Amino acid sequence: MSTTRDTEDVSTGTTSRHVPGEPGLWVLLFGDMALFTFLFTFYLHDRGQNPRLFAESQEHLHRTIGVINTLVLLTSSIFVVFALRALRNEHMRQLATRLAVAAIAIGACFIVLKLFEYYELVTAGMTLTSNDFYMWYFAITALHLGHVVLGLLTLTVLTRLVRSAKTAATHMAFFEGGACFWHVVDLLWIVIFPLLYLVR
Amino acid sequence: MSAVFLTRASAAWLLLAALTLSSWVLGTSQGSGDGHAVASLTIICVAAFKIRLVGLYFMELRDAPGVLRWIFEGYCVVLTTLLGVMYLVH
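Structural notes, computed from the coordinates. A quick note: this is a predicted structure, and the numbers were derived from the prediction, not measured.

Calculation criteria
Residues numbered from 1 in each chain as written. Chains lettered and ligands numbered in written order. Predicted model: local features only at pLDDT ≥ 70, side-chain atom pairs only at ≥ 80, totals over all residues. Helix = DSSP H or I, 4+ residues; strand = E, 2+ residues; numbered from the N terminus. Buried ≥ 20, exposed ≤ 12 C-beta atoms within 10 Å, placed from the backbone. Contact = placed C-beta atoms within 7 Å. Nonpolar A, V, L, I, M, F, W, Y, C, P; charged D, E, K, R; others polar. Axes fitted to C-alpha atoms, helices over the stretch in contact; angles between N-to-C directions. Parallel < 35°, antiparallel > 145°, perpendicular 65-115°, else oblique.

Further remarks concern the overall build of chain A. Regarding its fold elements, chain A presents six helices and zero strands. Secondary structure of chain A in N-to-C order comes out as α-α-α-α-α-α. Counting only C-alpha atoms and orienting by the principal axes, one finds that chain A spans roughly 60 × 30 × 25 Å. Split into buried and exposed, the 200 residues of chain A put 40% on the buried side. Within chain A, counting contacts between residues at least 6 apart in sequence, those at least 24 apart form 75% of the total.

Further remarks concern the interface of chain A and chain B. In this assembly, 39 residues from chain A lie in contact with 39 residues from chain B. Counting residues per element, the ones that place at least two in the side of chain A that touches chain B are helix H1 (23-49), helix H2 (51-58), helix H3 (63-87) and helix H6 (169-198) of chain A. If you tally residues by element for the side of chain A that touches chain B, the top one is H3(A), at eleven residues. Of the residues contributing to the side of chain A that touches chain B, the split by class is 25 nonpolar, eight polar and six charged.

Moving on, we get to the environment of Tyr118(A). Residues and elements named next belong to chain A. Here Tyr118 is to be found in helix H4 (residues 93-123). Of the residues examined, Tyr118 has 17 C-beta atoms within 10 Å and is grouped as partly exposed. When the C-alpha atoms of Tyr118 and Arg52 are compared, they prove to be 22 Å apart, with 66 residues separating the residues in sequence.

Bringing the packing of H3(A) against helix H2 (residues 8-29) of chain B into the picture now. Where H3(A) meets H2(B), the axes come as close as 10 Å, and the angle between the chain directions of the two elements is 170°. It follows that H3(A) is roughly antiparallel to H2(B) by the angle criterion. Here Arg63(A), Val67(A), Thr70(A), Leu71(A), Leu74(A), Ile78(A) and Val81(A) of H3(A) lie close against H2(B), whose contacting residues are Ala9(B), Ser10(B), Trp13(B), Leu16(B), Ala17(B), Thr20(B), Trp24(B) and Thr28(B). Class assignment for the residues of the contact of H3(A) with H2(B) results in ten nonpolar, four polar and one charged.

Next up, the structure:
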């Protein structure tokens, strides 16, 4: 459990070290990041077998939607940072809830844009079975989309939890953990977008 | 109120947004094949730098115990190396 806070929140004048969320959560977060790293590595391996096919297939992706979705996740993430900071101040509890709701609403835009992108690709005849590039594209982005849904559900539950009058230290740690998971979702997309849409 | 909004994380967000747009311009304006190798490697390095910013300033690993921070820093280095090598070896 968290034991200290950073110096920007409490003016103790000393620097203290703080594990965001529950320490055990970090095993899961690093495990998740390692899993995606394996997928990225195998994707690049397969790309190396047929770079022309991958480059040609990549041309059909909506790069503009991809970059907008990156900005969407980054913005949602910074609102979660704001919400957490507000939550640490007893007098800003209401503001924290509003900021968390804004983060969830912005994050939900990612799902809408991603589904639109899938719809456009599928109606144009590009599916999971079209070729190796699309197999990787749909597999990696769908797995990430599942993380987005899970992250938004987690943030929604935690926002309701900390909205209660007195936020216990454990609730705060849960919210920090949920926030870190959401940042990992953002972090993974930061690699997925350039790898699938831009690198060729 | 400024303690919530005017933070290093906000500055990091601005930098992240600028880097995202730069990578997008770089990734869409170049050709393909070997002519794009430098641009692609730059885009990979920028992505790794961006995830480091997210870790340090959004996930607050900058203020985390050394072990946690250095595991994350190590992950960034391993990821950059792996992606760079796998991109070049084909």
